[in-house]
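# Summary of the model geometry
Take a look at the letters that make up each chain.
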Amino acid sequence: MRVPWIAATFFLARSALAVFADEAWNVDYHYALLGLPKQSTSFFHQPNPSSRASLIYTLSEEGVLGAVNPRDGSVVWRQLLLSEALAYNVSFLRAGEGQDTVISGIGSQVAAWSAADGRQAWILDTAGPLQDVEILELSDGRETAGAKDAIALSGGEHPAVVRIDGTSGAIKWQYQWDGVDQPYQVSASTTEVFAILLHKTLLGYVKLKVVSLDPVTGRKTDEHVVSSENELASAETIVSVGANSASPIVAWTNSAHSVLKVNILGTKEISSFNIEAHDSHAVERVEIHAPYHTNSLSHFLVHYETATSHWADVFHIDLKNSKIEKAYSLPKMTGKGAFSTGTSDANVFFTRVTRDQVMTVSSASHGVLGRWAVAGFGVAAGPGESVEPVHAVSEVSIKGTSVSAVRSAVLLSTGDWVLLRDGSPVWNRPEVLASTVSATFAIPAEVQEFVQQLEAEAHGNPISAYIHRVTRHLQDLQKLPAIMASLPQRIVQGFLGTSADGGIASDSFGFHQIIACATRDGRLVALDAGNPDKVLWNQQVADLQLGQTWQPSVSSPEGGIIEINSKASAGVRYNASTGEQLFSILPIDETAGEVALPVKYAIHKGELDATVDTKMAWHFTPMSGERIVSLVPRPVNDPVASIGKVLGDRRVLYKYLDPNLALLVTANDVTKAATFYVLNTISGAILYSNVHSGVDLGSPISSMLSENWFAYSFTAEASANSPKGHQLVAGELFESLVANDRGPLSASANYSSMQTGTEPFTLAQTYQIPEPISHMAVTRTRQGITSRQLLAVLADSSAIVGIPYGVIDPRRPVSRDPTKDEQMEGLVRYSPVLDFDPKWYLNHQREIVGIKDVVTSPALLESTSLVFAYGLDVFGTRLSPSFSFDVLGKDFNKFQMLATVAALAVATFVVAPLVARKQVNARWQFA
Amino acid sequence: MAGTSALPPPPPPQWVLELTAPTAPSKAKAGSVPDPPGFTPTTAIQSRQSKNTKGTAIAPRKQPSPEEMDTLKIKKAWELALAPAKQLPMNAIGMYMTGNSLQIFSIMMVFMLFKGPITAVLNIQGTFQRLETESNRAQMLGVKAAFVGCNMLALALGIWKVNGMGLLPTTRSDWLAWETARDPLERAYYVPSY
């Protein structure tokens, strides 16, 4: 008897908790990303020298410095060093042995950060762009007890080598030179600092010049040229300039990658090695992996790579006579491989990660110390694509003479950063998503079919719709055995509240849409919005050369299909569920079918040009001195449920609904003015315009247009009568400001903007907001019945807020209290200051960094809109601006409902005989 | 002295006699005072016939003439016909007090307000059947019309109330769903430059 009561108490207690915890952390997801890590700026390092626990540090291609916990892949801390990511930025990250700081160099800034929590210790601006940053591993007693000093090499007009105090960031000495020699890299041994310069010869070749500097005073002690006259055509074939190994080296190859030449810095001898071709393919890449610690053995590994295979040679440096000898080779393997260096005391270990195994060897001998098979990296890839390791960093733990475990953080060719413990993947971070440049939602094909069936039933005549529905349900009966089999599990999950929403195919709410993200390096990555923990598929769609940029725009023209448009290729389509490329078709202009001659407009040379059938329709030239900042057209698919607004007295204010609207923002850099135009894009007429003077054009200007309203935000400079502040302007267009008046066109069925130019009546209202909005978007629902939320990206507080439209409604009564009718409409008195309600923050506690764009998509449920934000971080959620009126929330207590029904059923069964007896007795017995 | 002693004692006074003598209800006395109208003693039920002949005060009721009956029936019918009108002020106050919000009580009251007059009008023949004769049929028409009118007044009160609650589609917003947006003849598309 007691067990049900305990169970009931348990469930009721659970439901009581559920009242307070909303659906945060359930419906939303967030990837705190760093960007693709670079080999030269990633390493394992112990933030606390006394503890053996280490973190993985990286300074990524996006210019984000971060520390990742190798146990679970979570970000411990991160710092954005670049406001705008450059495709191939030059950046450096170093950590001295046993140091609790890491030193980064990017652009012209050298900065030191606390390794444990990411706090900045110091920052220093150098005169020119940085060419190299190293840590000076000296033991001359000059450096302070705490942090080791750094040396930085800066380029620019006055190249210089600078020694920076590790504690304060002050410059200890500076060595400048004048001349044509370009700085290349800097390296330090225990006794000397070497600056490697590139000396251009008359014939256009490059010679390597090594300048030795005294680390204490910074005076030049020696200078010599190491490479011969016409060996180096460019700096690209310089393989490596050895870092703080016991004896730093410089290595280069000839342009055919057939000869490797190595020079130990500080000496003049050059050792030359032939690179044997292992097969018909030419060597494409040569890389050197050497330990960074001064007390490590001076061994290094040269990694050769061809198009199909890779191998490596290990070399030993004899410190006494400065000779370099090849010790052994690691055999050729097909596919790509990644080598990484790990040290333990003086011993050096090389870890080789290939597509199917992880192998560790000692630098001293070729005996394999540990070999683990890799069953798979656990990442999604495109059809037929083999996942290859690109580069790796590893940490080797040694027990006695054998390797007990190897942890390798491997960047894969799919853009995933995976940690392999021995051979098994522990976590993976889809860092490729940090470089997303365009994203779209796509309805899976199965759901699209369901949607079409529902639409057929909604629009057909009742009888045929009924027959359609019955046949559909009869077909659904085929799935009955499967459903019956999974029923007990589903019931249990429903009770326990652990039910994950079903898969993509059985998604009747439309939450499982596929998000396709095109990344800067030419990949297309698909996520499931309802189950975002794993990547659905991830494949290379554009073959980009180094330094080439790609500006794709992805869209989903119909369910189940993703289309990529870019400069190079228009209308390449992919299956949204599997990522297969569909047969390439000519870009059919779908818009042409609907209207005879669509007007097409584009920004061209700073002007807005519209054409009809190659003829100029209109063009918009900004006023002299103005430039176009942005253009936001009304979304093509923007359903509106009601064409008017119902007032409190039940009269109607008609909305000015025209699909051919666009909001254009221009700025004048001289007068600091920003102009906002609402344009009719058929006739080019200006429907509304507003000039704001004294605008801080360095701050973001964001704008948005939807339905019959627009919003924009800018930062106003301080003026005589107002302080500097951020403003949000909301405007709404009406057919007429007189209620029940539908304007001059009245109820005519169609209209032509060319012939009848109607102008809207616009109401606008300005609000003072606490921080600038860097980007705006708006929620979209299936039929547009649900009220809207303006989604504003707040870059300063790393957040996204959803501002309900009612709050920024321009019809809020100004300087008077709302009348009773206005109160019924939900209008409240206008107040110029709009504070962001903490409840509006979609991200809750999380920090969403670097968001560049927000895309929204309607779910199948009218109440719900899906939101996906990308940039550096990836964040997504589901929003119900008018609350979830068409679906039961998680707080609905199924157990309580069923218990009530069961209790009533029991009561009925118990009471029924009693009542029957009483009724019989009432007939037969007389009191 | 002897003469005085020979005298018989004087008869007791009347009040003594009345005091000592048991009081017996005298039938003549009872019969002379008529019972209050509508009072029927239990003993009289069985011997009503004899009493009627004996009692002279109870005059036999004169049967009203058919003309008088008609007048009476018309009078009664008018009362019936005007009864709904008499309830109107009370209903109006009730409706006013419940307010215009859509709540279960106001909805139920409005429902009763509609149900009453409609059922009354539907049952109009049954209501006046008893009072209708061949001779007063013409007059009865007017009465029935008045009855219908009074019920219509009650109905009007209900409609006024429903209107106050905003349930009548009398405004533009009620027909907004049937108005469609104008279709533009042209469409413009933004071509982003890559």
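Residues numbered from 1 in each chain as written. Chains lettered and ligands numbered in written order. Predicted model: local features only at pLDDT ≥ 70, side-chain atom pairs only at ≥ 80, totals over all residues. Heavy atoms only, no water.

### With respect to the packing of aromatic side chains
All names here are of chain A.
- The full count for this structure, using the stated rule, is 22 aromatic pairs over all chains.
- Taken together, a centroid distance of 6.1 Å and an interplanar angle of 55° make the contact between Y57 and W77 tilted. A residue pair is termed long-range when its members are at least 10 positions apart, and Y57 in strand β3 (residues 55-59) and W77 in strand β5 (residues 75-80) qualify at 20 residues. Neither Y57 nor W77 differs from the other in exposure class; each is buried.
- Through pairs of rings, three or more aromatic residues link up here, namely F676, Y688, F710, Y712 and F714. (Phe/Tyr/Trp six-rings, centres within 6.5 Å; stacked < 30°, edge-to-face > 60°. Helix = DSSP H or I, 4+ residues; strand = E, 2+ residues; numbered from the N terminus. Buried < 20%, exposed > 50% of the residue type's maximum accessible area, 1.4 Å probe, protein only.)

### A short note on the domain arrangement of chain A
- When cut into domains, chain A gives domain 1 (3-29 + 595-747 + 756-879), domain 2 (335-429), domain 3 (435-474 + 507-588) and domain 4 (894-927).
- Put simply, the middle of domain 1 of chain A and the middle of domain 2 of chain A, counted by C-alpha atoms, are 49 Å apart. (Domains from an automatic or database assignment.)

### Side note on the packing of helix α2 (residues 445-459) of chain A against helix α3 (residues 462-476) of chain A
Residue and element names in this part refer to chain A.
- With their axes 8 Å apart at the nearest point, α2 and α3 run at an angle of 150° to one another. From α2, F450, Q453, L454, A456 and E457 reach across to α3, where they touch A465, H468, R469 and R472.
- Grouping the amino acids of the contact of α2 with α3 by side-chain chemistry returns four nonpolar, two polar and three charged. (Axes fitted to C-alpha atoms, helices over the stretch in contact; angles between N-to-C directions. Contact = heavy atoms within 4.5 Å. Nonpolar A, V, L, I, M, F, W, Y, C, P; charged D, E, K, R; others polar.)

### Some remarks on the side chain of H289 of chain A
Residue and element names in this part refer to chain A.
- On the secondary structure map, H289 appears in strand β22 (residues 285-289).
- For H289, a relative accessible area of 6% gives the class buried.
- Looking at H289, its side chain comes within polar contact range of the side chain of E287, at 3.2 Å.
- Polar contacts involving the side chain of H289 include one to the main-chain carbonyl oxygen of F339, which spans 3.3 Å. (Polar contact = N/O pair within 3.5 Å; in protein donor to acceptor, adjacent residues only side chain to side chain.)

### Here we look at the pairing of strand β37 (residues 535-540) of chain A
Residues and elements named next belong to chain A.
- With five bridges connecting them, strand β36 (residues 523-528) and β37 associate as antiparallel partners. Its bridge partner lying in β37, L524 is registered against Q539.
- Between the antiparallel neighbours β36 and β37 lie six residues. (Pairing = 2+ DSSP bridges.)

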